[in-house]
Amino acid sequence: MPERKLCPVLKWAGGKTQLLEHIAQNMPRACNRYFEPFLGGGAVLFGLRPPQASVNDRNEPLMNLYAQLKASAESVIERVRALDAAPVGKEFYYAARDRYNAKVAARDFDAECAALLIWMNKRCYNGLYRVNRAGRFNVPYNHNRKANLKSMDEANLRAISAYLREADVTMTCTDFEQACADVSAGDFVYFDSPYVPESDTARFTDYTAGGFTMSDHERLAALFRRLDALGAKVMLSNNDVPWVRARYAGYRTQSLDVRRMMNCNGGRRTGKEVLILNY
Ligand SMILES: C[S@@+](CC[C@H](N)C(=O)[O-])C[C@H]1O[C@@H](n2cnc3c(N)ncnc32)[C@H](O)[C@@H]1O
């Protein structure tokens, strides 16, 4: 029987589902381990299913979701079902959001916290994950959602759980530089950091309380060069803006058209991304 296609569990800003085919076609022919230090919704990991992977994201509740799925898809599914069965509406959403934020503040990372994240992702405005300076999830309720909305594809959750258990996948929740400490010659690294802003008004980096600053982007560019020098194969995607082109001058580039969600009204627009490759 062919393997089931794995899909992201969450809608995630900057998700790479639309670029997956292009990324897959541009993977190196051979590599040892697969590294993805900015995992997000996991579109690329789940699309490629590498047999040996080391994946990371700084967002703790997000990495908890994958850890809980790996441990037991059924525990998460059971809790999402209970949430789906609850009375629909704004009051329940805000109570669930408070419960989630209290659990995150207490670092009570369990199957319920994972289920709340899945459930809110379907009911919050635009499926956006955004936190304030204190790290509290603050996206409002989306009134336009169907009342009997189902929050999950159970078969997909089970298939992701099986992949995470059966393949050799290491998961960490740290800064991207630390997540690459173990990369060696012949490994492949895919970097999809928060974007360099196109302009001062078009920035979204609030996946984590600290945001992602231009000095983080400088650190990332320096890390790219170090990994290149040690013989790893490296691919990076970002906004196609002059700053990115200048920082990665000398490497192979490809320009790609993408559809983007606008945070303010849920409409779509097109943009350009650049893929930087050292091979
Ligand atoms: C553009 S998203 C990745 C999207 C992903 N490729 C997908 O398909 O969904 C960037 C991710 O970087 C994470 N992040 C932000 N700062 C980080 C840091 N310093 N180290 C590691 N991850 C970080 C965010 O939590 C976010 O999930």
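The model shown is predicted, which means the values in this text are computed figures rather than measured ones. Numbering of residues starts from 1 in each chain and follows the order in which that chain's sequence is written. Reporting in this predicted model follows two pLDDT cut-offs: at least 70 for local features of residues, and 80 or more for side-chain atom pairs to be given and counted; totals over whole chains, interfaces and linings ignore these cut-offs and use all residues. Hydrogens are left out, water is left out, and the side-chain values use all remaining heavy atoms of the structure.

Chemist: Got a minute to help me understand the site of the ligand in this structure?
Modeler: By convention in this text, a residue qualifies as near a molecule or strand provided that one of its non-hydrogen atoms is within 4 Å of it. The immediate surroundings of the ligand are formed by 26 residues, with Trp-12, Gly-41, Asp-57, Asp-175 and Asp-192 found nearest. Polar contact criterion, stated in full: a pair of N or O atoms within 3.5 Å, where within protein one must be able to donate a hydrogen and the other to accept it, and residues adjacent in sequence count only if both atoms are side-chain atoms. Between the ligand and the protein, one listed contact pairs an oxygen atom with a side-chain N or O atom of Trp-12 at 2.8 Å. Between Phe-176 and the ligand, the recorded distance is 3.0 Å, taken from a backbone N or O atom to a nitrogen atom. Alone, the ligand offers 610 Å² of accessible surface; in the complex the protein occludes 99% of this. Note on residue classes: Ala, Val, Leu, Ile, Met, Phe, Trp, Tyr, Cys and Pro are nonpolar, Asp, Glu, Lys and Arg are charged, and everything else, Gly too, is polar. Residues belonging to the shell around the ligand are distributed by class as follows: ten nonpolar, ten polar and six charged. Note on areas: these come from Shrake-Rupley sampling with a 1.4 Å probe, and a residue is covered only by the protein chains present in the view.

Chemist: Sorry if this is basic, but what is going on with the side chain of Asn-278 here?
Modeler: Here a strand is any run of E in DSSP of at least two residues, a helix any run of H or I of at least four, and the numbering for each starts at the N terminus. Relative to the helices and strands, Asn-278 is located in the segment after strand S7 (268–277). The buried label goes to any residue with under 20% of its type's maximum accessible area, the exposed label to any with over 50%, and the partly exposed label to all in between, with areas taken from a 1.4 Å probe on protein chains only. A residue is classified by how much of its surface remains accessible, and Asn-278, at 18% relative accessible area, is buried. Separated by 2.9 Å, the side chains of Asn-278 and Asp-228 make a polar contact. Of note is the side chain of Asn-278, whose polar atom sits 2.9 Å from the backbone oxygen of Ala-232. Every residue pair with non-hydrogen atoms within 4.5 Å of one another is taken to be in contact. For Asn-278, the residues in contact, after removing those within four places along its chain, are Phe-224, Asp-228, Ala-232, Lys-233, Val-234 and Tyr-251.

Chemist: What exactly am I supposed to notice about the domain arrangement of the protein chain here?
Modeler: Buried accessible area, meaning the area lost when the parts come together, often serves as the stated size of an interface. Entries for the protein chain in the domain assignment read domain 1 (17–58 + 174–277) and domain 2 (67–154). Inter-centroid distance (C-alpha atoms) of domain 1 to domain 2 is 27 Å. Note that the domain bounds reflect an automated or database-derived domain assignment.

Chemist: I'm lost on helix H4 (residues 73–84) in this one. Help?
Modeler: Residues lying three or four places apart along an α-helix face the same way, a consequence of the helix completing one turn every 3.6 residues. For H4, built from twelve residues, the straight-helix expectation of 16 Å at 1.5 Å per residue is met to within 8% by its first-to-last C-alpha distance of 16 Å. The complete set of buried residues in H4 reads Ala-73, Val-76, Ile-77, Val-80 and Leu-83. Across the axial projection of H4, the buried residues extend over an arc of 120°, all falling on one side. In H4, the exposed positions angled more than 90 degrees off the buried face are occupied by Glu-78 and Ala-82. In this fold, the buried residues of H4 make contact with helix H3 (60–71), helix H5 (90–105), helix H6 (111–123) and helix H7 (154–166). Here the expected span of a helix is defined as 1.5 Å times the quantity of residues minus one. For this quantity, the arc is that covered by the directions from the helix axis to the C-beta atoms.

Chemist: Sorry if this is basic, but what is going on with the nonpolar core here?
Modeler: A general trend in soluble globular proteins is that nonpolar side chains are found buried together. Core analysis: the largest hydrophobic core is formed by 58 residues, its most contacted members being Tyr-100 and Ile-118. Residue contributions to this core reach at least three from each of two domains, namely domain 1 (17–58 + 174–277) and domain 2 (67–154). The contacts of Tyr-100, once residues within four sequence positions are left out, are Pro-61, Cys-113, Leu-116, Leu-117, Met-120, Tyr-129 and Phe-137. Phe-191, Val-234, Tyr-248 and Tyr-251 belong to the second-largest nonpolar core, a separate cluster that totals 23 residues. For this analysis, a nonpolar core means a set of buried residues of the types Ala, Val, Leu, Ile, Met, Phe, Trp, Tyr and Cys, connected via side-chain atoms within 4.5 Å.

Chemist: Is there a simple way to explain the pairing of strand S2 (residues 52–56) in this structure?
Modeler: Successive residues of a regular strand alternate their side chains across the two faces of the sheet. The element S2 is largely enclosed, with a buried count of four among its five residues. Two strands are said to pair when DSSP picks up at least two bridges between them. Where strand S1 (residues 34–36) and S2 come together, three bridges link them in parallel fashion. Counterpart to Phe-35 in the pairing with S2 is Ser-54. One crossover worth recording links S1 to the parallel S2 by way of helix H2 (residues 43–48), and it is right-handed. Relative to strand S3 (residues 168–172), S2 is paired through five bridges, and the arrangement is parallel. Considered in S3, the bridge of Gln-52 is made with Asp-168. A clockwise path from the first strand over the helix to the second, with the strands pointing away from the viewer, defines a right-handed crossover.

Chemist: Teacher, can you tell me more about the packing of aromatic side chains here?
Modeler: The geometry of an aromatic ring pair is captured by two quantities: the separation of the ring centres and the angle between the planes. Ring geometry is summarised as follows: Phe, Tyr and Trp rings, the Trp one being its six-membered ring, pair when their centres sit within 6.5 Å, and such pairs are stacked at plane angles under 30 degrees, edge-to-face over 60 and tilted between the two. The tally for this structure, following the rule as stated, stands at 16 aromatic pairs. Residues Phe-38 and Phe-212 carry aromatic rings whose centres are separated by 5.8 Å and whose planes lie at 80° to one another, so their mutual orientation is edge-to-face. Pair noted here: Phe-38 is in the loop between S1 and H2 and Phe-212 is in the loop between strand S4 (188–191) and helix H9 (214–229), with a separation of 174 residues, a long-range link. Both residues of the pair, Phe-38 and Phe-212, count as buried. In textbook terms, an aromatic cluster arises when at least three aromatic residues are bridged by ring pairs, as seen for Phe-92, Tyr-93, Tyr-94, Trp-119 and Tyr-141.

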